[in-house]
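Working through the structure, step by step
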Amino acid sequence: MTMERLIEEKDSYAIGIVGATGLVGQTIQQDLITRGFPVDYENSRLFASPKSAGKEVAWNGHDYALQYGQAAEDYEGLDIVFLSAGGDATKSSVSKEECPKVAEAGAIAIDNSSAWRHDPEVPLVISEVNPAALEDIPKGIVANPNCTTMIGLTALNSLHQEAGLVALNVTTLQSVSGQGIDGVEELHFQTSRMMRDPKAFLTGRIRQEDLPPIRIFPALIGSNVAPHAGTFIGRDTSEELKFVNETRKILDIADLAIQASCWRVPVINCHSLSISAEFEDELTPERAEELLDGAPGVSFCDVPQVPQPIYASGRDEVFVGRVRRDESRPGKHALQAAVTADNVRKGASTNAVQIAELLIRK
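Residues numbered from 1 in each chain as written. Predicted model: local features only at pLDDT ≥ 70, side-chain atom pairs only at ≥ 80, totals over all residues. Heavy atoms only, no water.

1. A look at the confidence of the model for the protein chain
Residue-level pLDDT values for the protein chain average 94, and 98% of them are 70 or greater. Under a pLDDT of 50 for its full length, residues 1-5 has, in the predicted model, twelve contacts with residues more than four places off or in other chains. (pLDDT = per-residue confidence, 0-100. Contact = heavy atoms within 4.5 Å.)

Following this line, the structure appears as structure tokens:
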């Protein structure tokens, strides 16, 4: 089943959004407006959890009663359905159940969870990197990659096309918005509590029992850095394994050597990455900068305007800078770079909408 047969050419398209009240779901709604996607607002539908079903919400001047999808018929008449409901575990379980129903109803499911990313019959797509993967969608489901994978490969793609990626060593510095608005609120609460007496930390007078409670993250995030993001799976974390496995699938390099270390940092929004990349062919920092300066979806930042989360928030581009040789790999064609991007936008919402744009252009 090819994309051409799945998406009929129309003047406008009926859209469904599962998880419409969440941070990513709301951003998808805004992205569809700002990017001028031809939405058939009269026949679109917004979906949420059972506790929110029936509540009235507005989207681009149109009022909707939130629905709770339970069966394939709930999605009938829709052309494209975006799914991003709940946190990591909840999101995956919802998507595992709902995506086949969406496909059964005749729509394309664009899924933001990890539920379908490793299914060989589900394309895992970054719009600027592997759009050709959309030529075959046998299950009617397209998977959106994890945010760090999306940001890192958008930055690296032009360099990979030029010189051939051989190995990657990546450290990610992931913001709290990766856990939605609940993660942002936890950072605010913990930081506010700890700043009541900041000198206590400097003098060592702080006691363990004085620390604020932990609810969303596995470690304290207020005024702290956690050297792990996600849940531990052996010595690695789920976020690290996502980066490794998804990168190999998207680039179609099953044996690509990758080392990923994912950290959670007390930043409200935008994930940052320190990337060391080894290439098959020679690639100078100067040539890399030329490629990055014209790469789709990339904004190259020359010194002193180096990539910083505070300036990337609310933007769709992936910001790349500080390109230099990796001197720890003598005799290798290796470069290091700093990368940052809005994980809610390019890392989730914007790429999902870009996938929809690619679908309707066929």
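After that view, the rundown keeps rolling.
2. Things to note about the environment of Ile 275
When you line up the elements, Ile 275 lands in strand 12 (residues 271-279). Residues Ile 275 and Leu 335, 60 residues apart in the sequence, show an inter-C-alpha distance of 8.1 Å. Ignoring sequence-local partners within four residues, the contact set of Ile 275 consists of Gly 152, Leu 156, Leu 168, Asn 169, Val 170, Leu 335, Gln 336, Ala 337 and Val 339. (Helix = DSSP H or I, 4+ residues; strand = E, 2+ residues; numbered from the N terminus.)

3. Overview of the packing of aromatic side chains
Counted according to the given criterion, the structure contains four aromatic pairs. Taking the centre distance of 5.0 Å and the plane angle of 40 degrees together, the rings of Phe 47 and Tyr 75 count as tilted. Separated by 28 residues along the polypeptide, Phe 47 in strand 2 (residues 45-47) and Tyr 75 in the loop between strand 4 (62-65) and strand 5 (80-83) bring together distant segments of the chain. This pair shows no difference in class: Phe 47 is buried, exactly as Tyr 75 is. Ring pairs connect the aromatic residues Tyr 41, Trp 59 and Tyr 64, which therefore count as one cluster. A cation sits over an aromatic face here: Lys 96 above Trp 116, 4.4 Å from the ring centre. (Phe/Tyr/Trp six-rings, centres within 6.5 Å; stacked < 30°, edge-to-face > 60°. Buried < 20%, exposed > 50% of the residue type's maximum accessible area, 1.4 Å probe, protein only. Lys NZ or Arg CZ within 6 Å of the ring centre and 35° of its normal.)

4. Focus on the sheet that holds strand 11 (residues 257-264)
The mixed open sheet is built from six strands, whose spatial order is 11-8-12-15-14-13. Two strands in the sheet have a free side with no partner beyond their single neighbour: strand 11 and strand 13 (298-301). For this sheet, the mean inter-axis angle between neighbouring strands, taken without regard to orientation, is 20 degrees. Against the sheet, helix 8 (residues 285-293) makes contact with strand 13, strand 14 (318-325) and strand 15 (333-341), and its axis sits at roughly 170 degrees relative to strand 14, the strand it touches most. (Pairing = 2+ DSSP bridges. Axes fitted to C-alpha atoms, helices over the stretch in contact; angles between N-to-C directions.)

5. Re helix 8
Within the sequence span of helix 8, burial applies to Pro 285, Ala 288, Leu 291 and Leu 292. For helix 8, the angular spread of buried residues about the axis comes to 120 degrees, placing them on one side. Exposed residues pointing more than 90 degrees away from the buried face of helix 8 are listed as Glu 286, Glu 290 and Asp 293. Residues of helix 8 that are buried sit in contact with helix 4 (147-163), strand 13, strand 14 and strand 15. (Arc of directions from axis to C-beta.)

6. A look at the pattern of salt bridges
According to the stated counting rule, one finds 17 salt bridges in the structure shown. Arg 35 is the partner of Glu 357 in a salt bridge, and the nearest nitrogen-oxygen pair spans 2.9 Å. With Glu 357 in helix 10 (residues 345-361) and Arg 35 in the loop between helix 2 (23-34) and strand 2, the pair connects residues that are 322 residues apart, well separated along the chain. We classify Glu 357 as buried; its relative accessible area is 11%. On the accessibility criterion, Arg 35 (31% relative accessible area) is partly exposed. Notably, a salt bridge pairs Glu 239 with Lys 242, separated by 3.2 Å at the nearest N-O pair. Placement of both Glu 239 and Lys 242 in helix 7 (residues 238-251) is noted, with a separation of three residues, approximately one turn of the helix. The residues Glu 239 and Lys 242 share a single accessibility class, namely buried. Through salt bridges with shared partners, a single ionic network connects Asp 31, Arg 35, Asp 316, Arg 345 and Glu 357. (Salt bridge = Lys/Arg side-chain N within 4 Å of Asp/Glu carboxyl O.)

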